[in-house]
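These are the residues of each chain, in order.
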Amino acid sequence: MSLLSDGAQDLLRRWARHLGAVRGRDPKTVQIYVRTVTGYLRFLGDHLGGAPARAGIAAVTVPDLRSWMAARRARGLSASSLAKEVSALRSFYGWLEDAEALSCPAIQGLRAPKTPARLPRPVRETDARAIIDTVSCDRQPWVIARDRAALTLIWGAGLRISEALGLRQCDAPLAEVIRVNGKRGKQREVPILPVSRAAIERYRDLCPHAPGPDDALFLGVRGGPLNPRILSGAMAEARMALGLPATATPHALRHAFATQLLAAGGDLRAIQELLGHVSLSSTQIYTALDESRLMEVYRSAHPRS
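Below is a summary of the structure that appears in this document. (Residues numbered from 1 in each chain as written. Predicted model: local features only at pLDDT ≥ 70, side-chain atom pairs only at ≥ 80, totals over all residues. Heavy atoms only, no water.)

So, the pattern of salt bridges
Stated precisely, the cut-off is as follows: The salt bridge definition used is simple: a Lys or Arg side-chain nitrogen within 4 Å of an Asp or Glu carboxyl oxygen. Helix and strand assignments come from DSSP, with helices taken as H or I runs of at least 4 residues and strands as E runs of at least 2, each series counted from the N terminus. Three labels apply to residues, based on accessible area from a 1.4 Å probe with only protein chains included: buried if under 20% of the type maximum, exposed if over 50%, partly exposed otherwise in between.
Throughout the structure, instances matching the rule amount to 12 salt bridges. Put simply, Arg14 and Glu100 hold a salt bridge, and the shortest N to O gap is 2.2 Å. Here Arg14 is found in helix 1 (residues 6–22), whereas its partner Glu100 is found in helix 5 (residues 79–100), with 86 residues between them in sequence. Since its relative accessible area comes to 26%, Arg14 is described here as partly exposed. The partner of Asp127 in a salt bridge is Arg124, with the nearest N and O atoms 3.2 Å apart.

As structure tokens, then:
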């Protein structure tokens, strides 16, 4: 692939700083965005016969952009993954216009491939209980209590795994309502069930470490912050022991929280607030899931279906 010009490299560095410092993007997201646009700029170098400078990056045409999309699809990229890359490209060109006064009209004509909406795959209530009862059964008692407490909290409060593992020792004992830090630093308040608080206190009583108030609430075996991969791995072992599908992940417990509230008549706006979704459309997908299950029941049970 073509090398990047000095001007292009400078733009990428400054855009990355903007994404992290100004937009508050997660470092992993920034890394993915920069990698995507770096690959795009290298493609332009090959496609145009030379590494484009600042003005050349903004002067691309709709056929140039479509050629990039075609090349990405030819490499086996799925429609949903390409749509994410188009989003990264739009972000870059939007910043280029705001920060550098370099407008790219062609980007407005770029259409991301349509992707079918993917319904979430929640864990059923009985399966969630079985996973929590099974998790870490062959490990130290305090580790078992830790994993069960973390998964009970994720399921009971609809937290992302990063939000649960982001809690500190000073947050415990957990109150009936706590404030959590979500994506992009957005905070929200979530109620904590008594069963979750009790599970966390049992874990804290058994924990052999003596952490400080600013240390992580959930600790690894060496006393440092619990790595999310460890918790996901413990749940993977439990689901395999129970014969459950690979979709039974900690995030599926968050999906279960949402679908169970919706099935019980929960208000969609309230569920949106509890989950920390910026857009209501992100929450409305659970409505489609509920409707799809209703149709399954109808087709299997109704005599005229």
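And the narrative resumes.
Points about the packing of aromatic side chains
Our working definition: Only centres within 6.5 Å qualify two rings of Phe, Tyr or Trp (six-membered ring in Trp) as a pair; their planes then separate them into stacked at under 30 degrees, edge-to-face at over 60, and tilted for everything else. Whether a charge lies above a ring is judged from NZ of Lys or CZ of Arg, which has to be within 6 Å of the ring centre and within 35 degrees of the ring normal.
Taken as a whole and assessed by the stated rule, the structure comprises eight aromatic pairs. Arranged with centres 5.2 Å apart and planes meeting at 75 degrees, the rings of Trp15 and Phe92 form a pair that is edge-to-face. Within this pair, whereas Trp15 is found in helix 1, its partner Phe92 is found in helix 5, the two being separated by 77 residues in sequence. Using a relative accessible area of 0% as the deciding quantity, one classes Phe92 as buried. Ring centres of Tyr203 and Phe218 lie 5.6 Å apart, and the angle between their planes is 20 degrees; on these two criteria the pair is classed as stacked. A residue pair is termed long-range when its members are at least 10 positions apart, and Tyr203 in helix 9 (residues 194–206) and Phe218 in the loop between helix 9 and helix 10 (228–242) qualify at 15 residues. Taking relative accessible area as the criterion, Phe218 reaches 1% and is therefore assigned buried. Among the aromatic residues, those joined into a cluster by ring pairs are Trp15, Tyr33, Tyr40, Trp68, Phe92, Tyr93 and Trp95. The lysine or arginine in question, Arg146, covers the ring of Trp142, its NZ or CZ lying 5.6 Å from the ring centre.

Brief notes about the nonpolar core
To be explicit about the condition: Here, nonpolar core refers to any group of buried Ala, Val, Leu, Ile, Met, Phe, Trp, Tyr and Cys residues whose side-chain atoms link them within 4.5 Å. Contact between two residues is taken to exist if any of their heavy atoms lie within 4.5 Å; hydrogens are not considered.
Formed by 43 residues in total, the largest nonpolar core has its most connected members in Leu151, Leu153, Tyr203, Phe218 and Leu253. Contributing elements (two or more residues each) for this core: helix 6 (125–134), helix 7 (141–157), helix 8 (161–165), strand 1 (177–181), helix 9, helix 10 and helix 11 (250–263). Ranked by the residues each element gives to this core, the list is headed by helix 7, at 10 residues. Setting aside residues up to four positions removed in sequence, Phe218 forms contacts with Arg146, Ala149, Ala150, Leu153, Ala164, Leu165, Ile200, Tyr203, Gly224, Pro225 and Leu226. Listed in part, the 34 residues of the second largest apolar core include Leu4, Leu19, Val30 and Leu102.

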